[in-house]
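# Residue-level structural notes
Next come the chains, spelled out residue by residue.
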Amino acid sequence: MSSVLYDAQGPRAKRRNILYTVLFVLAAAAVVWWVYDGLASKHQLDWIKWKPFFTSSQPWETYLWPGLQNTLKAAFFALIIALPLGALFGIGRLSDHRWLRAPSGVVVEFFRAIPVLILMIIANAVYSEYTNIDTDTRPLYAVITGLVLYNASVLAEIVRAGILTLPQGQTDAAKAIGMRKGQTMVFVLLPQAVTAMLPAIVSQLVVIVKDTALGGAMMTFPELLASVRPMSANYGANTIACFTIIAVIYIAVNFSLTSFASWLERRLRRRKKSDGEGGAPTTVGEPVLVMDSAST
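Now for a quick tour of the structure. Note that residues are indexed from 1 along each chain, following the sequence as it is written. In view of the model being predicted, local features appear only for residues whose pLDDT reaches at least 70, and side-chain atom pairs are presented and counted only at 80 or more, with totals across whole chains, interfaces and linings using the full set of residues. Derived side-chain values reflect all non-hydrogen atoms in the structure, with water molecules and hydrogen atoms excluded from consideration.

## Brief notes about the overall build of the protein
- Scanning the protein from terminus to terminus reveals 11 helices and 0 strands.
- In sequence order, the secondary structure elements of the protein are arranged as α-α-α-α-α-α-α-α-α-α-α.
- Exposure categories follow from relative accessible area, calculated using a 1.4 Å probe and restricted to protein chains: below 20% of the type maximum is buried, above 50% is exposed, and the middle band is partly exposed. Burial statistics for the protein: of 296 residues in total, 36% are counted as buried.
- Residue contacts follow a heavy-atom distance rule, with two residues in contact if any of their heavy atoms lie within 4.5 Å. Taking the intrachain contacts of the protein between residues at least 6 apart in sequence as the baseline, contacts between residues at least 24 apart amount to 72%.
- Under the convention used here, a 1.4 Å probe and the Shrake-Rupley method define accessible areas, while residue burial counts only the protein chains that appear. Carbon together with sulfur atoms contributes 66% to the accessible area of the protein, which is approximately 18100 Å² in total. Helix and strand definitions follow DSSP, with helices as H or I runs of at least four residues and strands as E runs of at least two, each counted in order from the N terminus.

## Observations regarding the packing of aromatic side chains
- Note on ring pairs: Phe, Tyr and Trp rings are taken, using the six-membered ring of Trp, and paired if centres are within 6.5 Å. Classes follow the plane angle, with under 30 degrees stacked, over 60 edge-to-face and the rest tilted. Under the counting rule described, the total for this entry stands at 7 aromatic pairs.
- For the ring pair Trp47 and Phe54, a centre distance of 6.0 Å and an interplane angle of 25° mean the geometry is stacked.

## Concerning unusual backbone geometry
- Phi angles above zero are rare outside glycine, and Thr220 is one such case at about 55°.
- Mapped onto the fold, Thr220 is located in the loop between helix H8 (181-218) and helix H9 (228-234).

## Structural notes on a positive patch on the surface
- The patches described consist of residues with a relative accessible area above 30% and no salt bridge, like charges being joined within 9 Å and nonpolar side chains (Val, Leu, Ile, Met, Phe, Trp, Tyr) within 5 Å. Between Lys or Arg on one side and Asp or Glu on the other, a salt bridge is scored when a side-chain nitrogen of the former is within 4 Å of a carboxyl oxygen of the latter. Charge assignment: positive for Lys and Arg, negative for Asp and Glu; neither His nor the chain ends contribute. A single reference atom marks each charge: NZ on Lys, CZ on Arg, CG on Asp, CD on Glu. A grouping of Arg266, Arg267, Arg270 and Arg271 is seen on the molecular surface, where their side chains present a positively charged patch.
- Looking at the element boundaries, Arg267 is found in helix H10 (residues 239-278).

## Considerations on the pattern of salt bridges
- Under the defined criterion, the tally for this structure stands at 5 salt bridges.
- Here Glu109 ties to Arg93 by a salt bridge, and the two come within 3.2 Å at their closest N and O atoms. With Glu109 in helix H4 (residues 98-113) and Arg93 in helix H3 (residues 58-93), the pair connects residues that are 16 residues apart, well separated along the chain.
- Its salt-bridge partner being Glu157, residue Arg160 comes within 2.9 Å of it at the nearest N-O pair. Taken together, the residues span about one helical turn, with Arg160 and Glu157 both in helix H6 (residues 138-164) at a distance of 3 residues.

## Comments concerning a nonpolar patch on the surface
- Together, Ile18, Leu19, Tyr20, Val22, Leu23 and Leu26 line one region of the surface with nonpolar side chains, adding up to about 610 Å² of accessible area.
- Within the element layout of this structure, Leu26 appears in helix H1 (residues 11-41).

## Thoughts on the environment of Leu224
- Within the secondary structure layout, Leu224 lies in the loop between H8 and H9.
- Looking at Leu224, the relative accessible area reads 1%, which means it is buried.
- Apart from residues no more than four positions distant in its own chain, Leu224 is found in contact with Leu64, Gly67, Leu68, Thr71, Ile246, Ile249 and Tyr250.

## Some points on the packing of helix H5 (residues 116-130) against H6
- In contact at an axis separation of 8 Å, H5 and H6 are set at 135° when each is read in the N-to-C sense. In terms of orientation, H5 and H6 fall into the oblique class. When you trace H5 past H6, the crossing you get is right-handed. Touching Val116, Leu119, Met120, Ala123, Asn124, Tyr127 and Ser128 of H5 are Arg138, Pro139, Tyr141, Ala142, Val143, Thr145, Gly146, Leu147, Leu149 and Tyr150, all from H6. Here an axis means a line fitted to C-alpha atoms, over the contact stretch when the element is a helix, while the angle between two N-to-C directions is reported on a 0 to 180 degree scale. Working rule for angles: under 35 degrees goes down as roughly parallel, over 145 as roughly antiparallel, 65 to 115 as roughly perpendicular, anything else as oblique. By definition, any crossing whose near helix is turned counterclockwise from its far helix by less than a right angle is left-handed, and any crossing with a clockwise turn is right-handed.

## Digging into the packing of H5 against H8
- With their axes 10 Å apart at the nearest point, H5 and H8 run at an angle of 50° to one another. Regarding the angle of H5 to H8, the classification is oblique. Once H5 is placed against H8, the crossing between them reads as right-handed. Judged by residue contacts, Val116, Leu117, Met120 and Ile121 of H5 engage Asp211, Leu214, Gly215 and Met218 from H8.
- For this scheme, ten residues count as nonpolar: Ala, Val, Leu, Ile, Met, Phe, Trp, Tyr, Cys and Pro. Four count as charged, namely Asp, Glu, Lys and Arg, and the remainder, Gly too, count as polar. A class-by-class count of the residues in the contact of H5 with H8 yields 6 nonpolar, 1 polar and 1 charged.

In structure tokens:
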């Protein structure tokens, strides 16, 4: 017996797959036991190592919360600066004018090719040499600058790809009612592309949140991950416990971002669908509907 996608397994294949499954489970259990035994032998799983995070507010108030604030602050400012810059460069790469399209492409390809850590280090050196920013806030500026330069280039490609996925009829309809190219881009193409680009934009936001840790590793930026060293030194070398708690915080933050993005995307799609069914367009589909009514 067979299906459209594959042939049904015979008795020998079923026994072989069961054997492979059992071997995989045993191997995974052996790895888990090896990790557990190693941590237990070094006393990293002792309750005294984990106790401060569950019985006292001091590690949260002194280390974790300030580090999380700095992480979110750097990610927030990087996003609100990188997003409009990325949109401008993405639109610039779609321009009919070579004098605008070529420089936009050079900037995007240049900063997208450089690792974000190198951009942070260069920005920190530039701020140290040519500005009067004090040493306490300089790492924050350097981290934000590096994140902006890199992620604006990535977002530019996301914006360009999102606009290119739209049907050509959208542009033709806007031209038919007399809209200039700039008006078509701002009022027709870009708003429609936002819904398609939203998952990729949120994914890049997650990358921004995680990349703030590079500043803590190389430039003493007091972000969330950088709090491991002082916490571990203060609470008896509980490095595994510190990393685990911080990993859980990162997971919670990034899961919240993706959940909010999924909710927002569903709402935008429902709104677009309801506007299309209601016959009274209030969104970017209006130019196309005007084109259709004019043609009839």
